[in-house]
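Here are the chains, one letter per residue:
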Amino acid sequence: MTKTVLQHTCFQAEHPLSPVGCNCRKYVPATEADRLIGEGLAQLIIASYKTLTVEESCPTCGEDEKLRRSCTHCRTTGTVQVNKKIAVYGDAIIVTVGQTGKRQSNTTAKKTPRSPTIEAGHMMRSIGAYGKGSETAIERINEYEILTLKERIRLLVAALDLKTFEAAWTLWESDTSKEFPLVLRSEPVDDARKGEGRRFDYGRPV
Ligand SMILES: [Zn+2]
Ligand SMILES: [Zn+2]
C-alpha cells in the first residue's frame, strides 16, 4: 500500500502551521505531498517545538581579544548560551499556508497558480541594468528555459503517464550528459505524396 498523508486545507490564524481539532480528512499519496512541498504549494505541519541550547559568539564583544577582556555580557568568555526554538515537523501537510507561515490565498481561493513568466524587467535585471538582483533574474530565466525544455520533451514522449515521465525527468536532470531515459518520438521521414516530414508537412493543404 502506498503511504498517504493528511492534507490540511484549514487555516488557524493563531497557529497556522500547527492546525488542531479541524475537520480535514483528505489524504494524499506521500509522493504527491513531496511534490507539493517541492513546488512550494504546501508546507509540512509543525508538530511541536523543542528548545536547544547552543553556544554562540558573543554579540557584544564579537570574541575580539581586547574587547572580550572587559565584556560584561559574556563575562569575558567570548561566547554566550542561546536558547533556540526548533520546529519538529509532522507527517501531515497544509496547503493554505505559505513558507513564511502567512496565509496562501491562491490555494484557498482555488485559483490557477501563477505560471512563471519572463518580463522585460527580468531581462534588464539579468544583464545588470538595475544594479542589484541579476543573479535571481538569471536563475528565473534558466528555470523558465528548463520548464520549456521539459514541456517539449514531454510532448515527444509517446503516450505515457505523467508519473513515469516525472521519474524519468528527475533521473535525467541529475545527469544531463546521459541520454534521456525514455524513447522519444521522432519526426516522420520526408514523404511528398503523404505530405509528411519536415520538408513536406506544411500543416495545411497546398
Ligand atoms: Zn486541518
Ligand atoms: Zn562578550
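Along each chain, residue indices are assigned from 1 in the same order as the chain's sequence is written. Here chains are named by letter from A upward and ligands by number from 1 upward, in the order in which they appear as written. With pLDDT at 70 or above as the cut-off, local features in this predicted model cover only qualifying residues; side-chain atom pairs require 80 or more to be listed or tallied, and sums for whole chains, interfaces and linings still use all residues.

Colleague: Is there a simple way to explain the overall build of the protein in this structure?
Modeller: Note on conventions: DSSP H or I runs of at least 4 residues are helices, E runs of at least 2 residues are strands, and numbering of each starts at the N terminus. Broken down by element type, the protein carries seven helices and four strands. Overall, the protein shows an N-to-C arrangement of helices and strands of β-β-α-β-α-β-α-α-α-α-α. It is over C-alpha atoms that the radius of gyration is taken, and the globule rule equals 2.2 Å times the number of residues to the power 0.38. The C-alpha atoms of the protein give a radius of gyration of 26 Å, which is well past the 17 Å a tight globule of 206 residues would have. Judged by the C-alpha coordinates and their principal axes, the protein covers about 95 × 50 × 35 Å. The exposure label follows from counting other C-beta atoms within 10 Å of a residue's C-beta, where the C-beta atoms are placed from the backbone and the thresholds are 20 or more for buried and 12 or fewer for exposed, leaving partly exposed in between. The buried share of the protein, taken over its 206 residues, is 9%. C-beta atoms are placed from the backbone for every residue, and two residues are taken to be in contact when these atoms lie within 7 Å. Relative to all contacts within the protein whose residues are 6 or more apart in sequence, the contacts with residues 24 or more apart total 51%.

Colleague: Even after reading the chapter, I still don't get the domain arrangement of the protein, so can you show me in this structure?
Modeller: One widely used convention gives an interface's size as the accessible area the parts lose upon coming together. As annotated, the domain borders come from an automatic or database domain assignment. Domain parsing of the protein yields domain 1 (115-156) and domain 2 (158-206). The centre of domain 1, based on its C-alpha atoms, is set 24 Å off from the matching centre of domain 2. Residue-level contacts link four residues of domain 1 with five residues of domain 2. Amino acid classes used here: Ala, Val, Leu, Ile, Met, Phe, Trp, Tyr, Cys and Pro are nonpolar; Asp, Glu, Lys and Arg are charged; the rest, including Gly, are polar. A class-by-class count of the residues in the side of domain 1 that touches domain 2 yields two nonpolar, no polar and two charged.

Colleague: What is the right way to look at helix H5 (residues 134-156) in this model?
Modeller: Residues three or four positions apart in an α-helix share a direction because the helix packs 3.6 residues into each turn. Multiplying 1.5 Å by the helix residue count minus one yields the expected span of that helix. Here H5 is 23 residues long and its end C-alpha atoms lie 33 Å apart, about the 33 Å a rise of 1.5 Å per residue gives. For H5, the buried fraction is low: one of the 23 residues fall into the buried class.

Colleague: Please explain the sheet that holds strand S1 (residues 4-8) as it appears in this structure.
Modeller: Within a beta sheet, neighbouring strands are joined by backbone hydrogen bonds and run either parallel or antiparallel to one another. For two strands to pair, DSSP has to find at least two bridges joining them. Taken in spatial order, the four strands make up an open sheet running S2-S1-S4-S3, and their pairing is mixed. Sheet topology places strand S2 (27-29) and strand S3 (43-57) at the edges, where each strand pairs with a single neighbour. Each neighbouring strand pair of the sheet contributes to a mean axis angle of 45°, computed without reference to strand direction. Summarising the sheet, S3 and strand S4 (residues 79-94) pair through 13 bridges and their orientation is antiparallel. For Gln43, the partnering residue across the bridge sits in S4 and is Ile94. Note on definitions: angles span 0 to 180 degrees between N-to-C directions of axes, and those axes are lines fitted to C-alpha atoms, for helices only across the stretch in contact.

Colleague: How do you make sense of unusual backbone geometry when you look at a structure like this?
Modeller: What you tend to see is this: most non-glycine residues have negative phi, and most peptide bonds are trans. Residue Arg75 is not a glycine yet carries a positive backbone phi of 55°. For Arg75, the position within the fold is in the loop between helix H2 (65-68) and S4. Accessibility expressed as a C-beta count within 10 Å gives 11 for Arg75, which makes it exposed. The phi angle at Thr76 is positive, at roughly 65°, despite the residue not being glycine. Relative to the helices and strands, Thr76 resides in the loop between H2 and S4.

Colleague: I tried to follow the pairing of S4 on my own but got confused; where do I start?
Modeller: Sheet faces and side chains relate simply in a regular strand, where the side chains alternate between the two faces. For S1 and S4, the ladder comprises two bridges, and the chain directions are parallel. Within the sheet, the bridge partner assigned to His8 lies in S4 and is Ile94.

Colleague: What should I look at first to understand the environment of Gln7 in this one?
Modeller: Here Gln7 lies in strand S1. Separated by 189 residues in sequence, Gln7 and Glu196 have C-alpha atoms that sit 49 Å apart. Residues contacting Gln7, with those up to four places away along its chain left out, are Cys24, Lys26, Tyr27, Val28, Ala33, Ile93 and Val95.

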